[in-house]
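# Structural features, examined
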Amino acid sequence: MEVAPKKVHIKTFGCQMNVYDSNRMLGLLQERGFVVEPDLREADVVLINTCSIRAKSEQKVLSLLGELKGLKDKKPETVLGISGCIGQRMGRTLLHRVPHLDLVFGPDSVDRVVPLVEEVMARGARLVEAEFEKMSRAYVQPAVVLDKAKPSEYLTIMKGCDHFCTYCIVPYVRGREKSRAIAEVLEDVRKLVDRGTKEIVFLGQNINTYGKGTEENLAQLIERAHEIEGLERIRYVTSHPRDLGMDLIEQFGKLPKLMPALHLPFQSGSNRILKRMSRLYTREDYLLKVEALRKACPEIALSTDAIVGFPGETEEEFEETLTLMEQVKFSLAFMFKYSPRPGTRAMIYAGEEVPEKIKEARLARLLKVVYPQIDAENRQYIGKITPVLIEAMDKKDMNFTGRNPAGKLVHVFNAGAACVGKVIDVEVTDANGSNLKGYYVHAERNAEPKTIKPRRAAEALPA
Ligand code: 5AD
Ligand code: SF4
């Protein structure tokens, strides 16, 4: 008798690296014969890939875990697992706290998802694996590439971070920096391009120092990837203002496939707070980098992250964040209230916590400055033509979505299925929040679907 394949559902929280890790796990499980199940309640294996960056990110996952108790009561044979940063941070504690949880593992065990899941299935064991992989350089594994690849794909080229910004949990849950070799990364890029990918987004928590301790670096990787035929667009995240060198800045003016967009978090506009955060640059250093980037590539779209209410932040210091935002005019900004993370160095300032109400008020003031800037920038596209890589058809709205070189999300109302995976010229007719809307210039125009809701930039926030 044939045995039905086991069904797996992975729910992902957090950053692009988690999206990449989830895809990788799905790929490995599919290779082993599992099938992807879109409905969590129907799956035999439910994995939640988690984020620890702020307390709120953890609360979301813990409440979901609570809700899933009902599912486990009804179907006790379901394997329920937690992977990612919460798995790493809480490890065994989580298994003790949540009796209906079967499996907990960290980001360095993503590649072991198949044996871990199978062991739980075979033995009914409850397992924890939250050790950092000790092998140094080669550890970040090649992508799992199935038959078809998406028009735009993430590709992790390094992991971990050596910076230890005082507020940040990442170095504790993702370990020290480890980079893959350029030759290996390029092999993955070629595989993806052969299967239909047009854009690669290289991922690393501190990507500018890719190749640290070797002869290789990010500028070399970009240059080599640029030569690959069929690859049309290259992007990378996340940069650190101190590590973004002139070689990388100048590439934006020289390499047409390198998209004119860069995420460059500044975190705070105050030098005293930057020092407390251990960011290793000043406001002036940051502004000089912005100037150099805009000189190299005048159309570059800069996006950023900022934290309000870091311990000890005075009203004047917060206003320096506000003025930096006013001055730079970012294309997109992600703004957060400081969230204390146990074990990070900022906990020594715990006595100087900014009250929640003040953090909220500061965030609201910042949003009030930033949103109109983003809206105004988006409106400048109206009436213009922008090239969009069509990534998908939104089934609900029957319209197509993709991104332009600046990374703006564009809804295209009259593209056809044949446009998916192609860069097409779109005339922008409207803009709202972080999105643009428009029509493919070489096709007939149809009516605009009624269901499109205006989306605010805030909805694009990572978890
Ligand atoms: N509290 C608030 N925001 C944080 N970030 C990182 N750690 C914290 C924290 N403890 C923000 C930073 C970072 C982004 C991914 O999340 O702005 O760039
Ligand atoms: Fe965290 Fe980024 Fe600082 Fe690394 S560089 S510690 S990932 S904020």
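Residues numbered from 1 in each chain as written. Chains lettered and ligands numbered in written order. Predicted model: local features only at pLDDT ≥ 70, side-chain atom pairs only at ≥ 80, totals over all residues. Heavy atoms only, no water.

### Examining the pattern of salt bridges
Note the cut-off: One side-chain nitrogen of Lys or Arg within 4 Å of one carboxyl oxygen of Asp or Glu is enough to make a salt bridge. Strands here are runs of E lasting at least two residues and helices are runs of H or I lasting at least four, both read from the DSSP assignment and numbered beginning at the N terminus. Think of it in three bands: with a 1.4 Å probe and only protein chains considered, a residue is buried below 20% of the maximum accessible area for its type, exposed above 50%, and partly exposed in between.
Scanning all chains against the criterion turns up 32 salt bridges. A salt bridge links Glu-129 to Arg-112; the shortest N-O distance between them is 2.8 Å. With Glu-129 in strand β6 (residues 127-129) and Arg-112 in the loop between β5 (103-105) and α5 (113-123), this residue pair connects regions lying 17 residues apart in the sequence. A relative accessible area of 37% means that Arg-112 is categorised as partly exposed. Glu-356 serves as the salt-bridge partner of Lys-359, at 3.9 Å between the closest nitrogen and oxygen. With a gap of 3 residues between them, Lys-359 and Glu-356 both fall in helix α13 (residues 356-379), about one helical turn apart. In this structure, a network of salt bridges that share partners links the residues Glu-313, Glu-315, Glu-319, Arg-362 and Arg-365.

### Topic: the site of ligand 1
Operational definition: Any residue with at least one heavy atom within 4 Å of a molecule or strand is counted as near it. Polar contacts here mean pairs of N or O atoms no more than 3.5 Å apart (in protein, one a potential hydrogen donor and the other a potential acceptor; neighbouring residues in sequence count only if both atoms are side-chain atoms). The method behind every accessible area is Shrake-Rupley, applied with a 1.4 Å probe, and residues are considered shielded solely by the protein chains displayed. Charged residues are taken to be Asp, Glu, Lys and Arg, nonpolar residues to be Ala, Val, Leu, Ile, Met, Phe, Trp, Tyr, Cys and Pro, and polar residues to be all remaining types, Gly included.
Around ligand 1, the structure places Ile-53, Arg-54, Tyr-167, Gln-267, Asp-305, Ile-307, Phe-336, Lys-337, Tyr-338, Ser-339 and Arg-341. Within the side chain of Asp-305, one N or O atom sits 2.6 Å away from an oxygen atom of ligand 1. Look at ligand 1: alone it shows 400 Å² of surface, and the protein chains cover 88% of it. Listing elements by their share of the shell around ligand 1, those giving two or more residues are β13 (301-308) and β14 (332-337). Each residue belonging to the shell around ligand 1 can be placed in one class, and the counts come to 5 nonpolar, 2 polar and 4 charged.

### With respect to the site of ligand 2
Around ligand 2 sit Cys-161, His-163, Phe-164, Cys-165, Tyr-167, Cys-168, Val-170, Pro-171, His-240 and Arg-279, and that is every residue in its neighbourhood. A per-class count over the shell around ligand 2 returns 7 nonpolar, 2 polar and 1 charged.

### Points about the confidence of the model for the protein
Inclusion rule: What pLDDT conveys is the predictor's confidence in a given residue, as a value from 0 to 100. Whether two residues are in contact is decided by their heavy atoms, any of which lying within 4.5 Å being enough.
On average, residues of the protein score 91 in pLDDT, and 91% of them reach the 70 mark or higher. Per-residue pLDDT stays below 50 along residues 455-463; that stretch engages in 27 contacts with residues further than four places along the chain or on separate chains.

### Overview of unusual backbone geometry
Of note, the amide linkage connecting Val-237 to Thr-238 takes the cis form, showing an omega dihedral of 0°. Locating Thr-238 in the fold gives a position in the loop between β11 (233-237) and α9 (246-254). Phi at Phe-164 is positive, roughly 55°, even though this residue is not glycine. Residue placement: Phe-164 occurs in the loop between β8 (158-159) and α6 (170-174). Accessibility expressed as a relative area gives 23% for Phe-164, which makes it partly exposed. Phi angles above zero are rare outside glycine, and Lys-329 is one such case at about 55°.

### Some points on the packing of α9 against helix α11 (residues 283-296)
Rule in force here: Simply put, an axis is a line fit to the C-alpha atoms, just over the touching stretch for a helix, and the angle between two N-to-C directions goes from 0 to 180 degrees.
Interaxial distance between α9 and α11 falls to 7 Å at its minimum, and their mutual angle equals 35°. In this structure, α9 uses Met-246, Ile-249, Glu-250, Phe-252 and Gly-253 to contact α11, whose residues at the interface are Lys-289, Ala-292, Leu-293 and Ala-296. Here the contact of α9 with α11 is built from residues that sort into 6 nonpolar, 1 polar and 2 charged.

### Considerations on the sheet that holds strand β10 (residues 199-203)
Which entries qualify depends on this criterion: Pairing between two strands requires that DSSP report at least two bridges joining them.
Sheet architecture is open: 3 strands sit in the order β7-β10-β11, paired in parallel fashion. Pairing within the sheet leaves two strands with one partner each, and these edge strands are β7 (152-156) and β11. Pairs of neighbouring strands in the sheet enclose a mean axial angle of 25°, with direction left out of account. Summarising the sheet, β10 and β11 pair through 5 bridges and their orientation is parallel. Within the sheet, the bridge partner assigned to Val-201 lies in β11 and is Arg-235. Strands in contact with helix α1 (residues 16-31) are β7, β10 and β11; relative to β7, the strand with the most contacts, it is inclined by about 95°.

### Side note on the sheet that holds strand β16 (residues 399-403)
Taken together, 5 strands build a closed barrel; the order of strands is β15-β16-β17-β19-β18 and the barrel is mixed. In this sheet, adjacent strand axes meet at a mean angle of 50° when their direction is disregarded. Direction of pairing for strand β15 (residues 385-394) relative to β16: antiparallel, over a ladder of 5 bridges. Pairing of Ala-392 across the sheet is with Thr-401, part of β16. Its contacts with the sheet place α13 against β18 (423-432) and β19 (435-440), and it is angled at close to 130° to β18.

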